[in-house]
Every structure is written in C-alpha cells, then in structure tokens.
Amino acid sequence: MGKPCSELFSGADCTVIGDPAVEVEGLAYRSDRVRPGDAFFCIVGLTTDGHTFAQDAIDRGARVLVAERKVYLADATDVTEVIVPDSRKAMAEAAVRFYDHPSASFQLAGVTGTNGKTTTTYLVEHIARVAGRKTGIIGTVGNVIGDVREKAEHTTPESPDLQALLARMRDAGCETVAMEVSSHALDLMRTWGTRFAVTAFTNLTQDHLDYHHTFDAYFEAKALLFSGDYPAKRVIGIGDKWGRELLRRCSERGDAVITTGFDAAAQIHPVSVEYGAAATTLTLDVRGRELTFAYPLVGRFNVENVMTAFGIGLSLGISADDIARALADVPAPPGRLERVRAACDGGVSVYVDYAHTPDALAKAIASVDAVGEGRTLVVFGCGGNRDASKRPIMGAKALAADFAVVTSDNPRHEDPLAIIDDVVAGMDDAARFEVVPDRRAAIARAIALAQPGDAVLVAGKGHEDYQLVGDEVLAFDDRAVAAEELERAFGAKGGDAPCA
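A. The overall build of the chain, seen in detail. Of regular secondary structure, the chain possesses 16 helices and 26 strands. Its C-alpha atoms give the chain principal-axis dimensions of roughly 80 × 55 × 45 Å. For the chain, the proportion of its 500 residues judged to be buried stands at 55%. When contacts within the chain are restricted to residue pairs at least 6 apart in sequence, those whose partners lie at least 24 apart make up 65%. Carbon and sulfur atoms form 50% of the exposed surface of the chain, whose accessible area is close to 20100 Å². Seen as two clouds, the 51 positive and the 72 negative side-chain charges of the chain have centres 3 Å apart.

B. Seen up close, the sheet that holds strand S6 (residues 64-67). Pairing is mixed across the open sheet formed by 5 strands, whose spatial order is S2-S7-S6-S5-S4. Looking at the sheet topology across the chains shown, the edges are occupied by strand S2 (15-17) and strand S4 (26-28). Put simply, the sheet's adjacent strands are angled 20° from each other on average, direction ignored. Examined bridge by bridge, strand S5 (residues 38-41) and S6 share 3 bridges and lie parallel to one another. Within S6, the residue paired with Phe41 across the bridge is Val66.

C. Structural view of unusual backbone geometry. If you check the backbone angles, Asp100 has positive phi at about 60° while not being a glycine. Its place among the elements puts Asp100 in the loop between helix H3 (87-98) and strand S8 (107-112). With phi around 50°, Arg287 is a residue other than glycine that occupies positive phi space. Following the sequence through the fold, Arg287 ends up in the loop between strand S17 (280-286) and strand S18 (289-295).

D. Representation of H3 in the model. Helix length check: H3, at 12 residues, gives a terminal C-alpha distance of 16 Å against a target of 16 Å (1.5 Å per residue), a fit within 8%. With 9 of 12 residues buried, H3 lies mostly within the body of the structure. All of the buried residues in H3 are Ser87, Arg88, Ala90, Met91, Ala92, Ala94, Ala95, Val96 and Phe98. The N-capping residue of H3, defined by a side-chain oxygen 3.0 Å from the backbone nitrogen of Arg88, is Asp86. One or two positions beyond H3, positive phi appears at Asp100, with a value near 60°.

E. Focus on the pairing of strand S15 (residues 257-260). The alternating pattern of S15 places Val257 and Thr259 on one face and Ile258 and Thr260 on the opposite face, and all of these are buried. For strand S14 (residues 233-237) and S15, the ladder comprises 4 bridges, and the chain directions are parallel. Bridged to Val235 within S15 is Ile258.

Rules used in this analysis
Residues numbered from 1 in each chain as written. Predicted model: local features only at pLDDT ≥ 70, side-chain atom pairs only at ≥ 80, totals over all residues. Heavy atoms only, no water. Helix = DSSP H or I, 4+ residues; strand = E, 2+ residues; numbered from the N terminus. Buried < 20%, exposed > 50% of the residue type's maximum accessible area, 1.4 Å probe, protein only. Contact = heavy atoms within 4.5 Å. Areas by Shrake-Rupley, 256 points an atom, 1.4 Å probe, with all protein chains shown as cover. Lys, Arg positive; Asp, Glu negative; His and termini not counted. Charge placed at Lys NZ, Arg CZ, Asp CG, Glu CD. Pairing = 2+ DSSP bridges. Axes fitted to C-alpha atoms, helices over the stretch in contact; angles between N-to-C directions. Expected span 1.5 Å × (residues − 1). Polar contact = N/O pair within 3.5 Å; in protein donor to acceptor, adjacent residues only side chain to side chain.

Right, here's the structure in full:
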C-alpha cells in the first residue's frame, strides 16, 4: 500500500533532500512505533521535540524523515529528508494522501463545543442508522464502525491515526460518520485536510484553559471548524455569544446554516417541553413546522443535544419525520446521565454523568433535580494536570445540589488532597458538603445520606472504567461501583426478602 514520497508531498511547501521516488510504507510520529519503510515526522510537541528522536527512527528503519530543520544524523546516507515549515500540517496532508482522501467517500458530520459532543454524535449515528445507512462514530467513548466498537485514546486521533480510521470506515462501507472534534485537535491540525459534509457547534463554557490560556483562544480553536479551511453545511447553537459570533462569520461567507436554541429566533427551537424521570416529550418548531415526539433521555441539556442532532440530520438529507421517529427509541450514550440499575435501590435514583466542567455540572444537577421527587445529592471531583482555574468554580456550581460530596477524580500526578482543597475553596456553605477523598467511599456516603425519593448524581467520569492515579490505571467504573453500593445499602439483610 506504499506511495512514493513525491506523491505524499506533491504541491507542498517543502525541500526534498535525497530520493523523492523512495517508497513510503507507513507514517509514524513516535520513534518507538516506527516500522521499516515508514516516514517519520519530527513533531514539535508541548513537552518534547520529535527532532531529538530522528536518529532512533532511522535506526528502526524509517526511510523518510520529515522535519522543520535539517537534522544531522550519524549514518543516514540512504534516508530522504523533507524539510517543511510545519511538520504537523505536513503530516496531516501526507496522511490524507497516503489513505486516498477517505473522508470524501461518505458523509462526515463534525461536532465541536465544550459540552454535548458525545451525546450529539450518538444521536446523529442513531438517526442515520435508522434511516438505513451504515454508520460510524469517532469520539471520547470510543470508535464505532458499523456494529464493531473499539476503544479510543483521544477524542480526536492524531492525523495519521484519524485518516487510517476513516479509511477503515470507507472500506467497511460506512455512509455516514459522526465525529467529535476537539479544540486540541483543531489547534494541532489533526483534522487538517479532512472533508466534512456538515460541522456543528454546541456551546462554549470553561474548559481546557490550561492549554488555550484564554477564552478567546479557546473559541478561535473551535472556530477553525467553521472557517473556509473546512467548507461544509453548518449547524450552530446560538444560545451563547460564541455561537452567535460563529453565525455572523458563516453568514458573511454565505455558508448554509441551521441555527438551534431555546430562543424563538433559532430555526430549530422548542415550543414546549415536558420533562419526565425517564423520558422527555418535546414539541419542536423546525423551520416553521411543529413536530411533537418523545425520546428516552432526560434534562434540559439533552433538549439542546436533540436540537443539534436534528439540524445535522436535516443537513445530511434525512427528513424531519424520519429524524423524529428515530429519536423516539434512541439509546442513551454511555455515561451521559445514565441511570444506574440495581436489584435493590431503596427508592434512591443514582445517575452517572461525564460532567467535568462547571457548566456541564450545573446542567446535570438541574436535570436530575427537575425529574427527582426529593433531594439531589452530587458526588464529584476534578482531574489533575488539567485546567486548575475551574476547580473552585466547580465547587460553587456543586452547591446547586442539596448536598455535595467532594472526592477524587483522576488525580494523575497531582496530590488528590490539594485538588480537593482547590475545589472547596469555591464552596462557602460548609454545612452543605463534606469531603471523602476515596471515590468509592464517597459514592457509598452519598447513597447512605439519601432517603427514598432522593437522587444521587455521580459526576466527572461517566463512561470511564478506570481511575488515573500517578502512572497507574486503576479499574474503577462509577456505574458498577454505584450499583454495588446500592446493593450493599439496600440489599437483603437475611431471610427470604429480596431487598431490605
């Protein structure tokens, strides 16, 4: 499946030193994954410079070295060097060519925004599947090709991995693929050269400021997906100023845009909403036509996700009636306000949600509160080695619940107690929260405090089945742990009774 070096870099701004006809058998950006015949891209990363691994890549059999500066090697007379101004961009362009432009072979819907990406892509995939199309998903929970599910390392893979995945989807006959597009991926050019049929924006709230530093920089990274570099139909949530700014830019460029939001000015907006404990009944105004349907997801934020998915479905050529019918039995995405099922629950409802930003936590609490009969208790923490500025804000938002239990999330290489200190710095009512650093013990404590009719929200990790502590990846699934603790609290105490 190799391609000549000259084909991979045809038309690129580069200088080739050596044989441009050399055959490239694969693409690599980590020297420890180089195979004989590969082209190795020297990527200048956030903490390491790939140029320092060039000799290792050559020693492992790389035939082509792509670098931003001339690299002097001990013995590489038969190695072709390609000098480029931006090795990340060059890698993305070469990956698209190496895999023969796979995204041009099907409809690709790209969804970006702080919250709602995962749920929206799952909704879009289900809509397209019910419409009779073979589908795929790329995102945080994992990748799906038809009926085959795979784990994912990143929300949006590095460009060679992304194009290889898109090529497998093309070869498997996928017709519609829904893809989460992260701000990191856009800024690091992982999606460069990918062709989208439609791009969608959900919202923008605080997250990833450890990387982007400012809200404006964070927004501009998201906005790249709506620039002339990614021509497509657009679906834009206009519930915040960032969405309205995207609308202005896309409208000036003459893009086809569908707007969504609770405001009646949006082309897709709710006329009425009835929230239930297990389902929502929604009447939508869809560009002047009203449709009423129920779907088995709860919460106001899922109304936003449904509207975005509806707009994407229309942009993909699926009728409004077919979209509404598909949503009636859409499965809940893993770890997104997912109800924990246990044989004995004592009348206590437990939900697990991925909410790990201030806005997402506030919305998840509000959604649980809206469908519950009693109090709402929340268990949450913040991840280590990530945006620390949001921690006290998360603490303050958690007090929207009746009671909060602050615990450890994925501390990574930070001290869990120091992270908790940052969180509780934003919590000004000591009577309404307590600290339980051990996550299992925190979940058990919230369940113990709950009375029949109360609801417990376990937030932050959602679908994740692990906890990152230092260099260790520990088995830990909030859903499984919560089910076990419900059984422990309310299961049979003896005799023939199935529940206490």
